[in-house]
Amino acid sequence: MPANLSPEYKSAEAEFRRCRNPEDRLRWLREMLRTVPKHKGTEHLQADIKTRIKELTEELAGPKKGGARTALPTTVRPEGAAQVALVGPPNTGKSSLHARLTGSHAAIGRYPFTTELPLPGMLPYEDVAFQLVDLPPVCRQHPVGWLAGALRSSDACLLVTDLSEPTCVDDVAEVHEVLAERKIVLTGDWPAEESDDAFALRLSTLLVASKCDLMSELDDDLAVFEELSGFRYPCVAVSAVSGEGLDRLGPFLFKRLGVVRVYTKPPGGRPNLSRPFTVRRGQTVGDVARLIHKDLAEGLRFARLWRDHFDGRQVGRDHPVEDGDVIELHVR
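Residues numbered from 1 in each chain as written. Predicted model: local features only at pLDDT ≥ 70, side-chain atom pairs only at ≥ 80, totals over all residues. Heavy atoms only, no water.

**Student:** A description of the sheet that holds strand 10 (residues 259-264) should follow, citing residues and the corresponding values.
**Tutor:** The strand order 11-10-14-12-13 describes an open sheet built from five strands, whose pairing is mixed. The open sheet has two free edges, formed respectively by strand 11 (277-280) and strand 13 (310-315), since each of these has just one partner strand. Between one strand axis and the next, the sheet turns by 35° as a mean value, whatever way the strands run. Here five bridges tie strand 12 (residues 300-307) to strand 13, and the two strands are oriented antiparallel to one another. (Pairing = 2+ DSSP bridges. Helix = DSSP H or I, 4+ residues; strand = E, 2+ residues; numbered from the N terminus. Axes fitted to C-alpha atoms, helices over the stretch in contact; angles between N-to-C directions.)

Below you can see the structure in the form of structure tokens.
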């Protein structure tokens, strides 16, 4: 029996796909359950929605300990220009990389599974910052039930691996298998294509070859890895010890994620050029207004735009913004 999904359900699903905040995703999941047509053709969909609601509710509540809930967070609220997750097999140098890039106090050890909970930090680039989230290693030996939920708020992924490690091909294959079982697919496409399944997630991925200061034949190692694994990702070689390659990560993320910086000014005032709002390529004046406040977006009449030859030109809410735009918002 065809599902014959209603416009209300499709609208809720679109909002669910767009949201990165876990609380907002839970709210739209509940709206999807409320609006999905109740008949035999949607039984599996209803069951899937209920499962996702249960999983996300538990993830937001935190892990169980001694039969009681703790306050330890397993999800991270997105901040900055984008949220980027660090994933990889054990002992590939994720935490060292995170500490060097963000100044975090990530636990670093020579033994596996040092990272136990998500740890956010900010990677500065020009006048914006990317939120990097260090996560526990991905492997069957040490399963982490909430890991997939933590990844669902991410915009992209840094897949950290040590190409000099003899088991790196098998280790990275295991990462893909474990995540795929939770409907998370890592892809070398930037941007990632949207999945037909609302509950599946395709994450654009950059392969980060760590510990490059210890490698003498990096290009050969990368070629062998690609040939044996079949995985094709853009790749950056880095060293948390020497700092080599670290300055390539910010520009890569800024360009490939299509980050657009928009500066605002009050009517008759000077623009604030120290703190841009960030959206993505193709988003609009209305999207910027929504970032500032939902009431501002709802009451927006028009905006004035300064960009090169646009000197205060009046534009509507659907006008696309570009990097470096200055806008002045006018409300009813």
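**Student:** Break down the environment of R270 for me, with residues and values.
**Tutor:** Residue placement: R270 occurs in the loop between strand 10 and strand 11. Judged by its relative accessible area of 74%, R270 is exposed. (Buried < 20%, exposed > 50% of the residue type's maximum accessible area, 1.4 Å probe, protein only.)

**Student:** I'd like a rundown of the packing of helix 1 (residues 7-18) against helix 2 (residues 22-35), residues and numbers included.
**Tutor:** The contact between helix 1 and helix 2 brings their axes to 9 Å, and the two run at 165°. Relative to helix 2, the element helix 1 lies roughly antiparallel. Considering only the axes of helix 1 and helix 2, their crossing is left-handed. Together, E8, Y9, A12, E13, E15 and F16 of helix 1 and R25, W28, L29, E31, M32 and T35 of helix 2 make up the contact between the two elements. Broken down by class, the residue content of the contact of helix 1 with helix 2 amounts to six nonpolar, one polar and five charged. (Parallel < 35°, antiparallel > 145°, perpendicular 65-115°, else oblique. Left-handed = near helix turned anticlockwise from the far one by under 90°. Contact = heavy atoms within 4.5 Å. Nonpolar A, V, L, I, M, F, W, Y, C, P; charged D, E, K, R; others polar.)

**Student:** Give a description of the side chain of S210 that names residues and reports values.
**Tutor:** Considering the arrangement of structural elements, one finds S210 in the loop between strand 8 (201-209) and helix 7 (218-229). Here S210 is in contact with T92, V160, T161, D162, M215 and V238, once residues within four sequence places are set aside.

**Student:** Before we move on, can you summarise the environment of L253 with the specific residues and values?
**Tutor:** Secondary-structure assignment places L253 in helix 8 (residues 249-256). If we ignore the near neighbours within four places in the chain, the residues touching L253 are V84, L123, F130, L158, W190 and V259.

**Student:** So what about the confidence of the model for the chain? Which residues, and what values?
**Tutor:** When pLDDT is averaged along the chain, the result is 89; 92% of the residues meet or exceed 70. At the level of individual helices and strands, the chain shows its lowest average pLDDT in strand 2 (residues 68-69), which scores 47, and its highest in helix 8, which scores 98. Low pLDDT, under 50, characterises residues 67-71; the stretch is placed with nine contacts to residues that sit more than four places away or in other chains. (pLDDT = per-residue confidence, 0-100.)

**Student:** Describe in detail the environment of P234, supporting the description with residues and values.
**Tutor:** If you trace the backbone, P234 turns up in the loop between helix 7 and strand 9 (235-237). Exposure remark for P234: the relative accessible area of 19% places this residue in the buried category. Along the chain, P234 and L206 lie 28 residues apart, while their C-alpha atoms are 5.4 Å from each other. Here P234 is in contact with G188, W190, T205, L206, L207, F252 and R256, once residues within four sequence places are set aside.

**Student:** Pulling in residues and values, what's your account of helix 3 (residues 43-61)?
**Tutor:** Counted at 1.5 Å a residue, the expected span for helix 3 with its 19 residues is 27 Å, and the 27 Å between its end C-alpha atoms agrees. If you check which residues of helix 3 are buried, you get Q46, D48, I49, R52, I53, L56 and E59. The buried residues of helix 3 occupy one face: seen down the axis, they fall within an arc of 160°. Turned more than 90 degrees from where helix 3 packs its buried face, H44 and K54 sit exposed. Looking at the buried positions of helix 3, the neighbouring elements they touch are helix 1, helix 2 and helix 5 (147-151). (Expected span 1.5 Å × (residues − 1). Arc of directions from axis to C-beta.)

**Student:** Could you give an account of the packing of aromatic side chains, with specific residues and numbers?
**Tutor:** Per the stated rule, a full pass over the model turns up four aromatic pairs. Between the aromatic rings of F16 and F199, the centroid separation amounts to 5.7 Å while the plane-to-plane angle is 65°, which identifies the pairing as edge-to-face. A residue pair is termed long-range when its members are at least 10 positions apart, and F16 in helix 1 and F199 in the loop between strand 7 (184-187) and strand 8 qualify at 183 residues. The interplanar angle of 50° and the centroid separation of 5.5 Å between the aromatic rings of Y125 and F254 together place this pair among those described as tilted. Here F254 lies in helix 8 and Y125 lies in strand 4 (residues 119-125), a separation of 129 residues in the sequence. Here the guanidinium or amino end of R25 rests over the ring plane of F16, the centre of that ring lying 4.3 Å away. (Phe/Tyr/Trp six-rings, centres within 6.5 Å; stacked < 30°, edge-to-face > 60°. Lys NZ or Arg CZ within 6 Å of the ring centre and 35° of its normal.)

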